Amino acid sequence: RYRIVRPDGGVRHLLSRYEVCQGADGRPDRMVGVMVDETETVESFESERRASQYLGRAIELASISVWRIDEASQRIHFNRVGLDLVGMAPDPDGIRLDRMRELVHPDDVSAVVQAGEEARRTDQVVDVIARYAAPGRGGWRTFLTRRLAERDDQGRVTGMAGVSLDLSALMDEREGADDLARRARLVSETIGVGFWSRDNDAGTVYWDAQMMRIHRRTPEEGAPTLDEWIGRHVHPADRNWVETNLRRAMAAWEPRSEATFRIATAHDSERWVRTWTRRVVRNGHRQSF
């Protein structure tokens with residue numbers, strides 16, 4: 001096999017097969033052969049090889065663990081990323097499945113087992129999120145795992161193919177955000193601050209529990225519209241100037257404003273409140289906080 005360069009600069013891949021023929025005196029006197037143009041086959045193979053290499057690099061860049069469980073041997077085979085994630089050395093025979101199960105968080109073992117059973121019963125991709133021990137690192141790592149059963153011509157399960165994605169960083173970030181939100185709520189409850197938001201274009205309103213408490217409003221009532229808040233909650237003696245100033249600030253879309261006024265509560269009582277408002281435009285919507 002070799003390449004030739006044609007006069008127009010094109011390169012072709014050839015397969016040459018030939019036979020040396022002998023003359024009457026037993027000495028080689030001629031060659032007979034054929035040439036097969038394999039260009040399309042070679043280019044197709046090269047294209048598939050490059051695609052495979054590209055896919056391999058993409059999988060490694062995305063830190064995707066690719067694995068396969070052999071049903072007969074009950075062993076699991078990982079790509080390099082998978083081995084790094086579980087902290088295990090490569091083994092040509094694969095890793096025993098029961099050894100991998102020992103790494104699963106006790107609270108997640110049943111979910112992992114059920115996912116495998118469901119994949120065997122159906123031809124669907126089955127997802128499960130589970131925590132695995134991080135050897136040499138301590139703690140737990142959270143993985144999203146997708147699996148699909150492999151079957152022979154008779155429909156019998158011969159293995160399980162799957163991929164796993166490490167969600168640990170995302171989960172840590174989410175837990176950190178949840179913890180920050182909890183602390184922010186604790187601070188707001190301690191000092192008596194209520195948080196609200198309003199999408200002025202979509203008409204949606206959000207009030208937290210502290211806003212409900214300040215206004216003596218039940219959760220079942222939900223957050224009020226702007227007109228309802230002015231008409232029901234702002235004290236009658238302050239209602240006109242509060243509405244005038246608020247409408248003016250909204251029309252001019254002032255970035256910031258603040259005011260101190262009274263709100264009316266049950267039994268004709270009143271409470272003095274101070275409000276700070278921040279106005280922004282996000283994704284084409286005017287939003288107040």
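For clarity, every value in this text was computed on a predicted model and none was experimentally measured.

**Thoughts on the sheet that holds strand E11 (residues 204–207)**
Within a sheet, neighbouring strands are paired by backbone hydrogen bonds and run either parallel or antiparallel to one another. The 5 strands lie next to each other as E11-E10-E14-E13-E12, forming an open sheet whose pairing is antiparallel. With partners counted over all chains shown, the strands left at the sheet margins are E11 and strand E12 (256–264), one partner each. Between one strand axis and the next, the sheet turns by 20° as a mean value, whatever way the strands run. Here strand E10 (residues 196–199) runs beside E11; their pairing, made up of 4 bridges, is antiparallel. Across the sheet, residue Arg198 finds its bridge partner in E11, namely Val205. Against the sheet, helix H7 (residues 226–233) contacts E10, E11 and E12, and its axis sits at roughly 45° relative to E12.

**Some remarks on the sheet that holds strand E3 (residues 28–37)**
Sheet architecture is open: 3 strands sit in the order E1-E2-E3, paired in antiparallel fashion. Two strands close off the open sheet at either side, each with one partner strand: strand E1 (2–5) and E3. Between one strand axis and the next, the sheet turns by 45° as a mean value, whatever way the strands run. Sheet topology note: the strand E2 (residues 11–22)/E3 ladder contains 9 bridges and is antiparallel.

**A closer look at helix H4 (residues 109–121)**
With 13 residues, H4 extends 19 Å between its outermost C-alpha atoms, agreeing within 8% with the 18 Å of an ideal straight helix rising 1.5 Å per residue. Among all positions in H4, only Val112, Ala115, Gly116 and Ala119 are buried. Relative to the axis of H4, the buried residues are bounded by an arc of 95° and lie together on one face. Turned more than 90 degrees away from the buried face of H4 sit Gln114 and Arg121, all of them exposed. Along its buried surface, H4 packs onto helix H3 (97–101), strand E7 (126–133), strand E8 (140–151) and strand E9 (157–166).

**Notes on the nonpolar core**
Ranked by size, the top nonpolar core spans 24 residues in total, and within it Ile76, Phe78, Met88, Ile95, Met100 and Tyr132 carry the most contacts. If you list the elements that add at least two residues to this core, you get strand E4 (64–70), strand E5 (75–78), helix H2 (80–86), H3, H4, E7 and E8. With residues up to four places along the chain from it excluded, the contact list for Met100 reads Ile76, Phe78, Val86, Met88, Ile95 and Tyr132.

**Let's talk about H7**
All of the buried residues in H7 are Leu226, Trp229, Ile230 and His233. Buried residues along H7 cover an arc of 110° about the axis, so they all sit on one side. The secondary structure elements touched by the buried residues of H7 are E10, E11, helix H8 (239–252) and E12.

**A closer look at the pattern of salt bridges**
Counted by the stated rule, this structure contains 26 salt bridges. Among the ionic pairs, Asp8 bridges to Arg6, the shortest N-O distance being 4.0 Å. Overall, Asp8 belongs to the exposed group, its relative accessible area being 62%. Through salt bridges with shared partners, a single ionic network connects Arg217, Glu221, Glu228 and Arg232.

The rules behind these values
- Residues numbered from 1 in each chain as written.
- Predicted model: local features only at pLDDT ≥ 70, side-chain atom pairs only at ≥ 80, totals over all residues.
- Heavy atoms only, no water.
- Pairing = 2+ DSSP bridges.
- Helix = DSSP H or I, 4+ residues; strand = E, 2+ residues; numbered from the N terminus.
- Axes fitted to C-alpha atoms, helices over the stretch in contact; angles between N-to-C directions.
- Contact = heavy atoms within 4.5 Å.
- Expected span 1.5 Å × (residues − 1).
- Buried < 20%, exposed > 50% of the residue type's maximum accessible area, 1.4 Å probe, protein only.
- Arc of directions from axis to C-beta.
- Core = buried A, V, L, I, M, F, W, Y, C linked by side-chain atoms within 4.5 Å.
- Salt bridge = Lys/Arg side-chain N within 4 Å of Asp/Glu carboxyl O.

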